[in-house]
Amino acid sequence: MTEPRHIIESQQFDRPFIAALFDKAAELAERERTGDLHGYTLASLFYEPSTRTRFSFEAAMYRLGGNVITTENAREFSSFAKGESLEDTIRVLSGYADVIVMRHSEIGAAKRAAEFATVPLLNAGDGAGQHPTQALLDLFTLHQHFDRLEGLHVALVGDLRYGRTVRSLAYLLAKYPGVRLTFVAPAVCQMHGDIKEYLARQDVKWREDGDLNAVLREVDCVYMTRIQKERFLDTHEYERAYNSYRLTPENVALMRTDAIVMHPLPRLGEIDPAVDDDPRAAYFQQARNGLWVRMALILYVLNVWG
Ligand code: CP
(Lines give C-alpha, C1' and ligand atoms only; values in the text may rest on other atoms or scores of the structure.)
Protein backbone atom coordinates (compact mmCIF):
# COMPACT_ATOMS: atom_id res chain seq x y z
CA MET A 1 0.00 0.00 0.00
CA THR A 2 1.38 3.48 -0.89
CA GLU A 3 1.92 5.95 1.96
CA PRO A 4 -0.78 8.65 2.25
CA ARG A 5 0.29 12.19 1.28
CA HIS A 6 0.15 13.96 4.64
CA ILE A 7 0.65 17.73 5.06
CA ILE A 8 2.37 18.22 8.42
CA GLU A 9 4.96 21.02 8.30
CA SER A 10 6.30 23.69 5.93
CA GLN A 11 9.75 22.09 5.66
CA GLN A 12 8.27 19.22 3.63
CA PHE A 13 7.64 21.39 0.53
CA ASP A 14 10.10 22.37 -2.17
CA ARG A 15 9.93 25.23 -4.63
CA PRO A 16 8.81 23.17 -7.65
CA PHE A 17 5.91 21.75 -5.61
CA ILE A 18 4.93 25.22 -4.38
CA ALA A 19 5.02 26.62 -7.94
CA ALA A 20 2.80 23.79 -9.21
CA LEU A 21 0.41 24.23 -6.27
CA PHE A 22 0.09 27.95 -7.00
CA ASP A 23 -0.63 27.28 -10.68
CA LYS A 24 -3.35 24.85 -9.65
CA ALA A 25 -4.77 27.26 -7.04
CA ALA A 26 -4.86 30.07 -9.63
CA GLU A 27 -6.69 27.76 -12.05
CA LEU A 28 -9.21 26.86 -9.33
CA ALA A 29 -9.72 30.54 -8.50
CA GLU A 30 -10.79 31.01 -12.14
CA ARG A 31 -13.06 27.95 -12.18
CA GLU A 32 -14.42 28.36 -8.61
CA ARG A 33 -16.09 24.90 -8.66
CA THR A 34 -15.30 21.45 -10.09
CA GLY A 35 -16.78 17.98 -9.81
CA ASP A 36 -13.41 16.27 -9.34
CA LEU A 37 -14.18 14.76 -5.93
CA HIS A 38 -17.70 13.45 -6.39
CA GLY A 39 -18.11 10.58 -3.93
CA TYR A 40 -15.11 11.55 -1.75
CA THR A 41 -15.46 12.49 1.92
CA LEU A 42 -13.42 14.90 4.05
CA ALA A 43 -13.49 14.64 7.86
CA SER A 44 -12.77 17.87 9.73
CA LEU A 45 -11.65 17.31 13.30
CA PHE A 46 -11.01 20.55 15.18
CA TYR A 47 -10.01 20.43 18.86
CA GLU A 48 -9.50 24.22 18.84
CA PRO A 49 -11.77 27.02 17.57
CA SER A 50 -11.52 28.14 13.93
CA THR A 51 -13.39 30.26 11.44
CA ARG A 52 -11.19 30.48 8.33
CA THR A 53 -9.39 27.14 8.34
CA ARG A 54 -12.35 24.90 9.05
CA PHE A 55 -14.88 26.73 6.88
CA SER A 56 -12.46 27.17 3.98
CA PHE A 57 -11.46 23.49 4.03
CA GLU A 58 -15.10 22.43 4.18
CA ALA A 59 -16.13 24.91 1.47
CA ALA A 60 -13.15 23.74 -0.63
CA MET A 61 -14.32 20.12 -0.41
CA TYR A 62 -17.89 21.03 -1.38
CA ARG A 63 -16.63 23.17 -4.28
CA LEU A 64 -14.66 20.14 -5.51
CA GLY A 65 -17.89 18.13 -5.52
CA GLY A 66 -17.11 16.11 -2.36
CA ASN A 67 -18.80 15.70 1.03
CA VAL A 68 -17.81 16.71 4.56
CA ILE A 69 -18.26 15.01 7.92
CA THR A 70 -17.42 17.24 10.85
CA THR A 71 -17.78 17.89 14.54
CA GLU A 72 -18.50 21.41 15.70
CA ASN A 73 -16.02 21.03 18.57
CA ALA A 74 -14.05 17.78 18.81
CA ARG A 75 -13.03 18.47 22.41
CA GLU A 76 -16.67 18.42 23.51
CA PHE A 77 -18.61 16.49 20.84
CA SER A 78 -16.23 13.71 19.78
CA SER A 79 -15.39 10.73 22.01
CA PHE A 80 -12.35 12.70 23.18
CA ALA A 81 -14.82 13.88 25.86
CA LYS A 82 -15.08 10.22 27.02
CA GLY A 83 -11.32 9.80 27.06
CA GLU A 84 -10.70 8.28 23.63
CA SER A 85 -7.10 8.63 22.46
CA LEU A 86 -6.14 10.68 19.40
CA GLU A 87 -4.63 7.54 17.88
CA ASP A 88 -7.91 5.58 18.10
CA THR A 89 -9.96 8.51 16.79
CA ILE A 90 -7.69 8.81 13.75
CA ARG A 91 -7.73 5.05 13.08
CA VAL A 92 -11.53 5.08 13.11
CA LEU A 93 -11.93 8.23 10.98
CA SER A 94 -9.53 6.75 8.41
CA GLY A 95 -12.21 4.13 7.80
CA TYR A 96 -14.94 6.73 7.20
CA ALA A 97 -13.21 9.48 5.25
CA ASP A 98 -10.80 9.82 2.32
CA VAL A 99 -8.95 12.74 3.89
CA ILE A 100 -8.73 14.17 7.43
CA VAL A 101 -8.14 17.83 8.35
CA MET A 102 -7.17 18.20 12.00
CA ARG A 103 -6.49 21.12 14.35
CA HIS A 104 -5.15 20.29 17.79
CA SER A 105 -3.82 22.21 20.77
CA GLU A 106 -0.60 20.19 21.18
CA ILE A 107 2.63 20.77 19.29
CA GLY A 108 3.40 17.61 17.30
CA ALA A 109 -0.17 16.26 17.42
CA ALA A 110 -0.50 16.23 13.61
CA LYS A 111 2.70 14.23 13.20
CA ARG A 112 1.55 11.78 15.87
CA ALA A 113 -1.91 11.44 14.29
CA ALA A 114 -0.42 10.91 10.81
CA GLU A 115 1.37 7.80 12.07
CA PHE A 116 -2.06 6.21 12.60
CA ALA A 117 -3.87 7.66 9.58
CA THR A 118 -4.31 5.40 6.58
CA VAL A 119 -5.68 8.35 4.56
CA PRO A 120 -4.00 11.75 4.03
CA LEU A 121 -3.99 13.97 7.13
CA LEU A 122 -3.62 17.74 6.84
CA ASN A 123 -2.34 19.75 9.79
CA ALA A 124 -4.74 22.66 10.31
CA GLY A 125 -2.63 23.95 13.23
CA ASP A 126 -0.97 22.08 16.09
CA GLY A 127 -0.81 24.34 19.13
CA ALA A 128 2.12 26.74 18.91
CA GLY A 129 3.78 24.39 16.40
CA GLN A 130 2.91 24.88 12.74
CA HIS A 131 0.09 25.86 10.38
CA PRO A 132 1.47 24.82 6.98
CA THR A 133 -1.67 25.33 4.88
CA GLN A 134 -1.95 28.88 6.24
CA ALA A 135 1.68 29.51 5.28
CA LEU A 136 1.01 28.25 1.75
CA LEU A 137 -1.94 30.60 1.32
CA ASP A 138 0.15 33.43 2.78
CA LEU A 139 2.89 32.73 0.27
CA PHE A 140 0.30 32.50 -2.53
CA THR A 141 -0.97 35.96 -1.53
CA LEU A 142 2.56 37.39 -1.59
CA HIS A 143 3.19 35.83 -4.99
CA GLN A 144 -0.17 37.07 -6.32
CA HIS A 145 0.72 40.62 -5.28
CA PHE A 146 4.44 40.84 -6.16
CA ASP A 147 4.66 38.19 -8.91
CA ARG A 148 7.83 36.95 -7.22
CA LEU A 149 8.97 35.71 -3.83
CA GLU A 150 12.73 36.13 -4.25
CA GLY A 151 14.16 39.17 -2.51
CA LEU A 152 11.06 40.14 -0.54
CA HIS A 153 11.50 41.86 2.82
CA VAL A 154 8.78 40.76 5.25
CA ALA A 155 8.22 42.01 8.80
CA LEU A 156 6.63 39.45 11.14
CA VAL A 157 4.93 41.36 13.95
CA GLY A 158 3.23 40.43 17.22
CA ASP A 159 3.11 37.02 18.85
CA LEU A 160 6.15 35.30 17.37
CA ARG A 161 6.54 33.07 20.42
CA TYR A 162 3.22 31.23 20.21
CA GLY A 163 2.28 32.09 16.62
CA ARG A 164 2.27 28.95 14.46
CA THR A 165 1.52 30.92 11.29
CA VAL A 166 4.72 32.97 11.51
CA ARG A 167 6.80 29.86 12.22
CA SER A 168 5.42 28.05 9.17
CA LEU A 169 5.75 31.16 6.99
CA ALA A 170 9.38 31.71 8.03
CA TYR A 171 10.21 28.13 6.99
CA LEU A 172 8.60 28.68 3.58
CA LEU A 173 10.09 32.13 2.89
CA ALA A 174 13.54 30.75 3.71
CA LYS A 175 13.34 28.72 0.48
CA TYR A 176 13.56 31.84 -1.71
CA PRO A 177 16.88 33.60 -2.38
CA GLY A 178 17.30 37.12 -1.10
CA VAL A 179 14.34 37.03 1.30
CA ARG A 180 14.85 39.14 4.44
CA LEU A 181 12.85 38.84 7.65
CA THR A 182 12.47 41.42 10.40
CA PHE A 183 10.93 40.31 13.69
CA VAL A 184 8.98 42.92 15.67
CA ALA A 185 7.62 41.54 18.94
CA PRO A 186 7.11 42.43 22.59
CA ALA A 187 9.87 41.09 24.85
CA VAL A 188 7.76 38.13 26.00
CA CYS A 189 6.76 37.14 22.44
CA GLN A 190 10.11 36.89 20.64
CA MET A 191 10.70 34.32 17.88
CA HIS A 192 12.17 31.04 19.15
CA GLY A 193 15.79 30.08 18.59
CA ASP A 194 14.96 27.05 16.40
CA ILE A 195 13.60 29.32 13.63
CA LYS A 196 16.52 31.76 13.96
CA GLU A 197 18.99 28.89 13.71
CA TYR A 198 17.16 27.44 10.69
CA LEU A 199 17.23 30.83 8.94
CA ALA A 200 20.94 31.20 9.68
CA ARG A 201 21.59 27.74 8.21
CA GLN A 202 19.67 28.75 5.06
CA ASP A 203 21.64 32.03 4.80
CA VAL A 204 18.47 34.09 5.27
CA LYS A 205 19.11 37.58 6.64
CA TRP A 206 16.98 38.29 9.69
CA ARG A 207 16.99 40.83 12.48
CA GLU A 208 14.95 41.91 15.49
CA ASP A 209 13.73 45.51 15.68
CA GLY A 210 11.40 47.13 18.20
CA ASP A 211 10.65 50.24 16.12
CA LEU A 212 7.62 49.30 14.03
CA ASN A 213 7.37 52.67 12.28
CA ALA A 214 10.97 52.48 11.08
CA VAL A 215 10.40 48.91 9.86
CA LEU A 216 7.20 49.88 8.00
CA ARG A 217 9.16 52.28 5.78
CA GLU A 218 11.46 49.46 4.62
CA VAL A 219 9.36 46.38 4.01
CA ASP A 220 7.40 44.87 1.13
CA CYS A 221 4.97 43.26 3.56
CA VAL A 222 4.04 43.69 7.19
CA TYR A 223 2.52 40.47 8.55
CA MET A 224 0.63 41.31 11.74
CA THR A 225 -0.46 38.67 14.26
CA ARG A 226 -2.69 38.55 17.31
CA ILE A 227 -1.18 38.14 20.78
CA GLN A 228 -2.68 34.75 21.67
CA LYS A 229 -4.16 35.14 25.12
CA GLU A 230 -5.20 31.48 25.21
CA ARG A 231 -1.56 30.30 25.15
CA PHE A 232 -0.27 32.50 28.01
CA LEU A 233 0.04 30.87 31.43
CA ASP A 234 0.54 34.28 33.09
CA THR A 235 -2.25 36.86 32.51
CA HIS A 236 0.05 39.75 33.52
CA GLU A 237 2.53 38.69 30.86
CA TYR A 238 -0.29 38.75 28.26
CA GLU A 239 -1.43 42.17 29.40
CA ARG A 240 2.13 43.50 29.03
CA ALA A 241 2.31 42.16 25.48
CA TYR A 242 -1.20 43.07 24.29
CA ASN A 243 -1.45 46.28 22.27
CA SER A 244 2.34 46.68 21.97
CA TYR A 245 2.16 47.05 18.20
CA ARG A 246 -0.79 48.45 16.33
CA LEU A 247 -1.38 49.50 12.73
CA THR A 248 -3.43 52.63 12.12
CA PRO A 249 -3.97 54.66 8.93
CA GLU A 250 -1.25 57.01 10.20
CA ASN A 251 1.53 54.45 10.40
CA VAL A 252 0.36 52.49 7.32
CA ALA A 253 0.89 55.78 5.45
CA LEU A 254 4.62 55.32 6.17
CA MET A 255 4.68 52.18 4.00
CA ARG A 256 5.57 52.16 0.34
CA THR A 257 2.54 52.42 -1.95
CA ASP A 258 3.22 48.93 -3.39
CA ALA A 259 3.71 47.29 0.03
CA ILE A 260 0.98 45.16 1.62
CA VAL A 261 -0.46 44.47 5.06
CA MET A 262 -1.24 40.83 5.84
CA HIS A 263 -2.74 39.08 8.88
CA PRO A 264 -3.81 35.43 9.23
CA LEU A 265 -6.81 36.67 11.25
CA PRO A 266 -8.63 36.75 13.60
CA ARG A 267 -7.46 40.22 14.63
CA LEU A 268 -8.10 42.04 17.86
CA GLY A 269 -6.64 45.53 18.29
CA GLU A 270 -3.48 45.10 16.21
CA ILE A 271 -5.00 46.46 12.99
CA ASP A 272 -7.38 49.39 13.28
CA PRO A 273 -10.46 48.65 11.09
CA ALA A 274 -9.86 52.11 9.57
CA VAL A 275 -6.92 50.47 7.72
CA ASP A 276 -9.32 48.12 5.87
CA ASP A 277 -10.06 50.64 3.11
CA ASP A 278 -6.38 51.22 2.38
CA PRO A 279 -5.40 49.51 -0.90
CA ARG A 280 -2.43 47.97 0.93
CA ALA A 281 -4.74 45.97 3.24
CA ALA A 282 -4.51 42.43 1.81
CA TYR A 283 -5.84 40.37 4.75
CA PHE A 284 -9.36 39.68 3.48
CA GLN A 285 -8.02 38.72 0.06
CA GLN A 286 -5.54 36.50 1.93
CA ALA A 287 -8.39 34.74 3.76
CA ARG A 288 -10.27 34.27 0.46
CA ASN A 289 -7.14 32.76 -1.12
CA GLY A 290 -7.34 30.01 1.49
CA LEU A 291 -10.18 28.52 -0.49
CA TRP A 292 -8.19 28.07 -3.72
CA VAL A 293 -5.00 26.89 -2.03
CA ARG A 294 -6.91 24.37 0.10
CA MET A 295 -8.85 23.10 -2.93
CA ALA A 296 -5.50 22.51 -4.65
CA LEU A 297 -4.06 20.81 -1.56
CA ILE A 298 -7.03 18.44 -1.21
CA LEU A 299 -6.64 17.44 -4.88
CA TYR A 300 -2.91 16.92 -4.35
CA VAL A 301 -3.18 14.71 -1.26
CA LEU A 302 -5.88 12.62 -2.92
CA ASN A 303 -3.61 12.19 -5.93
CA VAL A 304 -6.33 13.55 -8.19
CA TRP A 305 -3.86 16.15 -9.43
CA GLY A 306 -0.03 16.07 -9.40
N1 CP B 1 -5.93 31.96 10.25
C2 CP B 1 -6.57 31.00 10.94
O3 CP B 1 -6.02 29.90 11.20
O4 CP B 1 -7.82 31.35 11.32
P5 CP B 1 -8.84 30.42 12.12
O6 CP B 1 -8.26 30.20 13.50
O7 CP B 1 -10.13 31.19 12.12
O8 CP B 1 -8.95 29.12 11.38
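Above this text you will find the structure in question.
Residues numbered from 1 in each chain as written. Predicted model: local features only at pLDDT ≥ 70, side-chain atom pairs only at ≥ 80, totals over all residues. Heavy atoms only, no water.

Spatial ordering of the open sheet is given by β2-β1-β3-β4, a layout of four strands whose pairing is parallel. Looking at the sheet topology across the chains shown, the edges are occupied by β2 (67-70) and β4 (121-126). Across the sheet, the mean angle separating the axes of adjacent strands is 15° when strand polarity is ignored. Pairing of strand β1 (residues 41-46) with β2 involves four bridges; the strand directions are parallel. Within the sheet, the bridge partner assigned to L42 lies in β2 and is V68. (Pairing = 2+ DSSP bridges. Helix = DSSP H or I, 4+ residues; strand = E, 2+ residues; numbered from the N terminus. Axes fitted to C-alpha atoms, helices over the stretch in contact; angles between N-to-C directions.)

Right, let's talk about the nonpolar core for a bit. One finds I18, L21, L139, L142, L156 and I298 to be the most contacted residues of the largest nonpolar core, which totals 73 residues. A per-element tally of this core places helix α12 (residues 283-301) first, with 10 residues. Each of domain 1 (10-130 + 289-301) and domain 2 (132-287) contributes no fewer than three residues to this core. The contact partners of L156, leaving out residues within four places of it in the chain, are V166, L169, A170, T182, F183, V184, M191 and Y223. V157, V222, V252 and V261 belong to the second-largest nonpolar core, a separate cluster that totals 19 residues. (Core = buried A, V, L, I, M, F, W, Y, C linked by side-chain atoms within 4.5 Å. Buried < 20%, exposed > 50% of the residue type's maximum accessible area, 1.4 Å probe, protein only. Domains from an automatic or database assignment. Contact = heavy atoms within 4.5 Å.)

What follows deals with the site of the ligand. Around the ligand lies a shell formed by S50, T51, R52, T53, R103, H131, Q134, P264 and L265. Within the side chain of S50, a nitrogen or oxygen atom sits 2.6 Å from an oxygen atom of the ligand. For the ligand, a nitrogen atom lies 3.0 Å from a polar atom in the side chain of Q134. Relative to its free-state accessible area of 250 Å², the ligand is covered by the protein chains to the extent of 91%. A breakdown of the residues in the shell around the ligand according to their chemical character gives two nonpolar, five polar and two charged. Residues from two domains meet in the shell around the ligand; each of domain 1 (10-130 + 289-301) and domain 2 (132-287) gives at least three. (Near = heavy atom within 4 Å. Polar contact = N/O pair within 3.5 Å; in protein donor to acceptor, adjacent residues only side chain to side chain. Areas by Shrake-Rupley, 256 points an atom, 1.4 Å probe, with all protein chains shown as cover. Nonpolar A, V, L, I, M, F, W, Y, C, P; charged D, E, K, R; others polar.)

At a minimum axis distance of 10 Å, the contact between helix α7 (residues 164-173) and helix α8 (residues 193-201) shows a crossing angle of 10°. Taken together, the axes of α7 and α8 are roughly parallel relative to one another. Seen from α7, the contacting residues are R167, A170 and Y171; seen from α8, they are D194, I195, Y198 and L199. Grouping the constituent residues of the contact of α7 with α8 by class yields five nonpolar, no polar and two charged. (Parallel < 35°, antiparallel > 145°, perpendicular 65-115°, else oblique.)

Before going further, it helps to spend a moment on the packing of aromatic side chains. Under the counting rule described, the total for this entry stands at 11 aromatic pairs. Judged by centre distance (6.0 Å) and plane angle (65°), the ring pair of Y300 and W305 falls under edge-to-face. Across the pair, exposure class does not vary: Y300 and W305 are buried alike. The structure contains a cluster of three or more aromatic residues connected by ring pairs, namely F13, F17, Y300 and W305. The ring of F55 is capped by R54, whose NZ or CZ atom sits 5.1 Å from the centre of that ring. (Phe/Tyr/Trp six-rings, centres within 6.5 Å; stacked < 30°, edge-to-face > 60°. Lys NZ or Arg CZ within 6 Å of the ring centre and 35° of its normal.)

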